[in-house]
Amino acid sequence: MAVSGTKARAPGQAATGPGSLLERKLLHLGLRDPVDFVVHLPLRYEDETHITPIMSVYPGAPAQVEAEVIRSEVQFRPRRQLVAVVEDDTGSLLLRWLNFYPNQQKQVAVGKRVRVRGEVRAGFGGHEMVHPKITVAGTALPQALTPVYPTTDGLSQASLRKAIDQALVRADLSDTLPPEIRDRYKLMPFDQAIRVLHHPSPDISYSDLIERGHPAWTRIKFDELLAQQISLAAARAARRRQRARALEGDHGRLPDALRASLPFTLTAAQERVIAEISSDLSCSFPMHRLLQGDVGSGKTIVAAFAAAQAISSQSQVAIMAPTEILAEQHFQKLVAWLEPLGITVAWLTGSLSSKARKAAIEAIESGQAQLVVGTQALIQDKVNFSNLGLVILDEQHRFGVGQRLDLSRKGEESEGSLAMIPHQLSMSATPIPRTLAMTFFADLDVSVIDELPPGRSPVLTKLVSDARRDEVLSHVVAEVRRGSQAYWVCPLVEESEALQLQTAVDTHARLALALSGMRVGLVHGRLPAAEKQQVMQDFRAGAIDLLVATTVIEVGVDVPNASLMIIEHAERFGLAQLHQLRGRVGRGSQQSVCVLMYQSPLSAVARQRLRAMYETADGFEIARRDLEQRGPGEFLGVRQSGQELLRFASIDTDAMIAEQAQEAARELRDRFPGHARCHLERWMRGKQDFLRS
Ligand code: ADP
Ligand code: MG
């Protein structure tokens, strides 16, 4: 049993030659080798297996009739169009083409017998079809439903069907599952499932086919999830075979000094996750741990403890944050915590002057910089670490898969024949729902901070219509008079970044005017870095009362004295985003308020979102609802990578299949490694690197 090779020629090729337009279109769909075509499965089907008497067709449904053309003419009113009437023994039907070729006109010449297929509509003079498909009458009817495949511009269903049918003949459809496993989970043989899905017989329940409840679909989903589980398990095993420097630290002396210097006591949850990370770091294979904790739970200090342990083991540490503002804030905190303990902290972002950048890069290369804080600038080619032992990614879901890989590669070094891989800690406030964790992060250990620092009271969330803007303004004034600070988040303008900036600038001008006597600041992504820093610093120092901001402040920003947040056009933001934004307040001990301003009328989805924000402050619950509304992409941070994770199975509805697949993956790897390899080859070609991160 073998899954036929990646070297096989593309099915379309014989007919059209290499590099043909058809081949390029097929490639665009990811269709190259027979196995690709095999699992390019239909979106839906058309039933062309029988002929309906014209009398029995009804509007709103597709139908196929055979009839004789009794009239055919080009009409000019109300516009140029081809109109034909066909008739069978039971009735007549009008056909209409608003655009047509001479060829089509010939197809429906009076007297011809034609097979007509299309959607029936109620017309003025009876039933009609617009732009029906015409073929010659009397040819054999297909025995199976006609598949309709996902396609791309300029690739017709007919060509795609032909290419797929050719590939089905050529491809190896042998089963990658041993009969024993197939029987246990009552799975349909692979070849049978594939044939059913490409050419289902008309007596199969259409809804089973479309809603993917048919056993043929179950088999495909199982296979897909199985492949994912096998490769995750393989990645895990491979990681345990990899080597990393064991960073045991200095018997906790540096961490203890850090603990003693803090103005607060760590929560029990923080102490627990610090211990988990500490024990991972002491291992000689790389840590791959995700630290989850809701906004404000205190992840940054946990990162500092991990860094302290690594540094006291003579390793360098890199912390990468997704925005400059966040990187800068981390830098300041880490300097305050760690420099008094004798640690050298460097910082590197894209906006440093070339002199400062050169100095930073040198300090990184020489090893003088023990801790480096920065943005994506850390993964530029020019940056070389001297001995990078630990990589920390804050707000990891913000990074693309490639970026995560790149930073950890910076630390790869060879010792003898073995590569040394840095330990990796990712941090995120976005909780991963259980099914998602199981299916995608099986190779990730997870630590959770499930408690907030003491003394925080939950943020009060208010939904306020745009029409009550004046009330909101007076609320801002009152808060500022009491000595607190506020954020004003400008509306998201999806279509254009320029427009978004303009909105921010306008909002700032209007608010500054309306709130004279108040110190109103502005920060947005396009501000020069130095200015951005200055504004954030002023806000932190209390020299700005109201900070007008775009979503640049969405993640990580930590100014405990800010206790009021206004979000304009809250209906335009996603749930996770709103939760992150709201997390910027409620960081101090005073009662905080988040005002979600919205413009009526609200769409149903927006209403649901705002209600969710009002009803709960629990990040897990919000993530669950977000998943419901938006699907898994956001959680996985795959937006930038464009990788499809699951094509057929759904993590919402196929949790049970996923569990079976996880179990079967273990068995396959232990008892049937040959099968496991073939299975991966069929399902996971070219995706290995992706799974590594
Ligand atoms: P997040 O988990 O959202 O990244 P931060 O690390 O920014 O949270 O921490 C939020 C705030 O709480 C910071 O001002 C931090 O200094 C403070 N903090 C962290 N841990 C504690 C603690 N145990 N007690 C009191 N304050 C803490
Ligand atoms: Mg944070």
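Just so it is clear, the model here is predicted, and its values are computed rather than measured.

What counts and how
- Residues numbered from 1 in each chain as written.
- Chains lettered and ligands numbered in written order.
- Predicted model: local features only at pLDDT ≥ 70, side-chain atom pairs only at ≥ 80, totals over all residues.
- Heavy atoms only, no water.
- Near = heavy atom within 4 Å.
- Polar contact = N/O pair within 3.5 Å; in protein donor to acceptor, adjacent residues only side chain to side chain.
- Nonpolar A, V, L, I, M, F, W, Y, C, P; charged D, E, K, R; others polar.
- Helix = DSSP H or I, 4+ residues; strand = E, 2+ residues; numbered from the N terminus.
- Expected span 1.5 Å × (residues − 1).
- Buried < 20%, exposed > 50% of the residue type's maximum accessible area, 1.4 Å probe, protein only.
- Arc of directions from axis to C-beta.
- Phe/Tyr/Trp six-rings, centres within 6.5 Å; stacked < 30°, edge-to-face > 60°.
- Lys NZ or Arg CZ within 6 Å of the ring centre and 35° of its normal.
- Salt bridge = Lys/Arg side-chain N within 4 Å of Asp/Glu carboxyl O.
- pLDDT = per-residue confidence, 0-100.
- Contact = heavy atoms within 4.5 Å.
- Pairing = 2+ DSSP bridges.
- Core = buried A, V, L, I, M, F, W, Y, C linked by side-chain atoms within 4.5 Å.

Colleague: Would you take a moment to explain the site of ligand 1 for this structure?
Modeller: Neighbouring ligand 1 are 17 residues, the closest being Gly 296, Lys 299, Thr 300, Arg 456 and Asp 558. Within the backbone of Ser 297, a nitrogen or oxygen atom sits 3.4 Å from an oxygen atom of ligand 1. One of the side-chain nitrogen or oxygen atoms of Arg 587 is found 3.0 Å away from an oxygen atom of ligand 1. Considered class by class, the residues forming the shell around ligand 1 number four nonpolar, seven polar and six charged.

Colleague: I tried to follow helix α19 (residues 529–541) on my own but got confused; where do I start?
Modeller: Residue pairs three or four apart in sequence face the same way in an α-helix, which turns once every 3.6 residues. Over its 13 residues, α19 runs 18 Å from end to end, which matches the ideal 18 Å to within 8%, given 1.5 Å per residue. Looking only at α19, the buried set comprises Ala 529, Lys 532, Val 535, Met 536 and Phe 539. Projection of α19 onto a plane perpendicular to its axis shows the buried side chains occupying an angular sector of 130°, all on one side. Facing away from the buried side of α19 by over 90 degrees, the exposed positions are Ala 530 and Ala 541.

Colleague: I would appreciate a short explanation of the environment of Ala 238 in the present structure.
Modeller: In this fold, Ala 238 is placed in helix α9 (residues 215–241). Residue classification places Ala 238 among the partly exposed positions, given a relative accessible area of 29%. Separated by 47 residues in the primary sequence, Ala 238 and Phe 285 place their C-alpha atoms 9.8 Å from one another.

Colleague: Help me understand the packing of aromatic side chains in this model?
Modeller: Each aromatic ring pair is described using two quantities: the centre-to-centre distance and the angle formed by the ring planes. Counted by the stated rule, this structure contains five aromatic pairs. Ring geometry for Tyr 185 and Phe 222: centres 5.5 Å apart, planes at 40°, overall tilted. Here the residue Tyr 185 occupies a position in the loop between α6 (179–184) and α7 (190–198), and Phe 222 occupies one in helix α9, the gap between them amounting to 37 residues. Note on Trp 217 and Phe 648: the rings are 5.8 Å apart at their centroids and 45° apart in plane angle, and the pair reads as tilted. Taken as a pair, Trp 217 in helix α9 and Phe 648 in the loop between α23 (633–636) and α24 (655–671) lie far apart in primary sequence, 431 residues in all. You'll find Trp 217 and Phe 648 in the same group, each marked buried. Directly above the ring of Trp 217 sits Arg 212, whose terminal nitrogen or CZ lies 4.5 Å from the centroid. Between Arg 682 and the ring centre of Phe 190, over which it is positioned, the NZ or CZ distance is 3.8 Å.

Colleague: Explanation requested: the pattern of salt bridges in the structure shown.
Modeller: Side chains carrying opposite charge are able to pair once their charged atoms draw close together. For the structure on display, the rule yields 32 salt bridges. Across the salt bridge formed by Asp 256 and Arg 259, the nearest N and O atoms sit 2.9 Å from each other. Highlighted residues: Asp 256 and Arg 259, both in helix α10 (residues 253–261), separated by three residues, approximately one helical turn. For Asp 256, a relative accessible area of 43% puts it in the partly exposed group. Note on Arg 259: relative accessible area 30%, which makes it partly exposed. A salt bridge links Glu 271 to Arg 259, with the shortest nitrogen-to-oxygen separation between them at 3.0 Å. Here Glu 271, found in helix α11 (residues 268–281), pairs with Arg 259, found in helix α10; they are 12 residues apart in sequence, far enough to count as distant. Each of Arg 44, Glu 46, Glu 48, Arg 117 and Lys 133 takes part in one network of salt bridges that share partners.

Colleague: Even after reading the chapter, I still don't get the confidence of the model for the protein chain, so can you show me in this structure?
Modeller: The predicted coordinates should not be examined in detail at positions where pLDDT is low. For the protein chain, mean pLDDT is 86; residues scoring 70 or higher make up 89% of the total. Averaged over each element, pLDDT in the protein chain is lowest for helix α26 (residues 688–692) (43) and highest for helix α12 (residues 299–311) (97). Confidence drops under a pLDDT of 50 for residues 633–644, and excluding neighbours within four residues, the segment shows 33 contacts in the predicted structure. Counting contacts from residues 688–693, a segment whose pLDDT is below 50, to residues more than four positions away or on other chains yields 21 contacts.

Colleague: Please explain the pairing of strand β6 (residues 126–130) as it appears in this structure.
Modeller: Two faces make up the sheet, and in a regular strand the side chains alternate between them. Bridge count for strand β4 (residues 92–97) against β6 is three bridges, and the pairing is parallel. Of the residues in β6, the one forming a bridge with Leu 95 is Met 129. In this structure, strand β5 (residues 113–123) lies alongside β6, joined through four bridges in antiparallel fashion. Of the residues in β6, the one forming a bridge with Gly 123 is Gly 126. If you look at the hairpin formed by β5 and β6, you'll find two residues sitting between the two strands.

Colleague: Got a minute to help me understand unusual backbone geometry in this structure?
Modeller: A negative phi angle characterises most non-glycine residues, just as the trans form characterises most peptide bonds. With an omega of 0°, the peptide bond running from Arg 77 to Pro 78 counts as cis. Going from Ser 600 to Pro 601, the amide bond is cis rather than trans, its omega being -5°. Topologically, Pro 601 is positioned in the loop between β23 (593–598) and α21 (604–615). Notably, Arg 212 is not glycine yet its phi reads approximately 60°, a positive angle.

Colleague: Looking at this structure, how should I read the nonpolar core?
Modeller: Across soluble globular proteins, nonpolar side chains have a tendency to be buried as a group. In this structure, Val 317, Leu 348, Leu 371, Leu 390, Ile 392 and Leu 425 are the most contacted members of the largest nonpolar core, which totals 63 residues. Looking at this core element by element, the count peaks at 10 residues for α12. Excluding residues within four positions of it along the chain, Val 317 makes contact with Ala 307, Ala 310, Ile 311, Gln 370, Leu 371, Val 372, Leu 388, Leu 390 and Ile 392.

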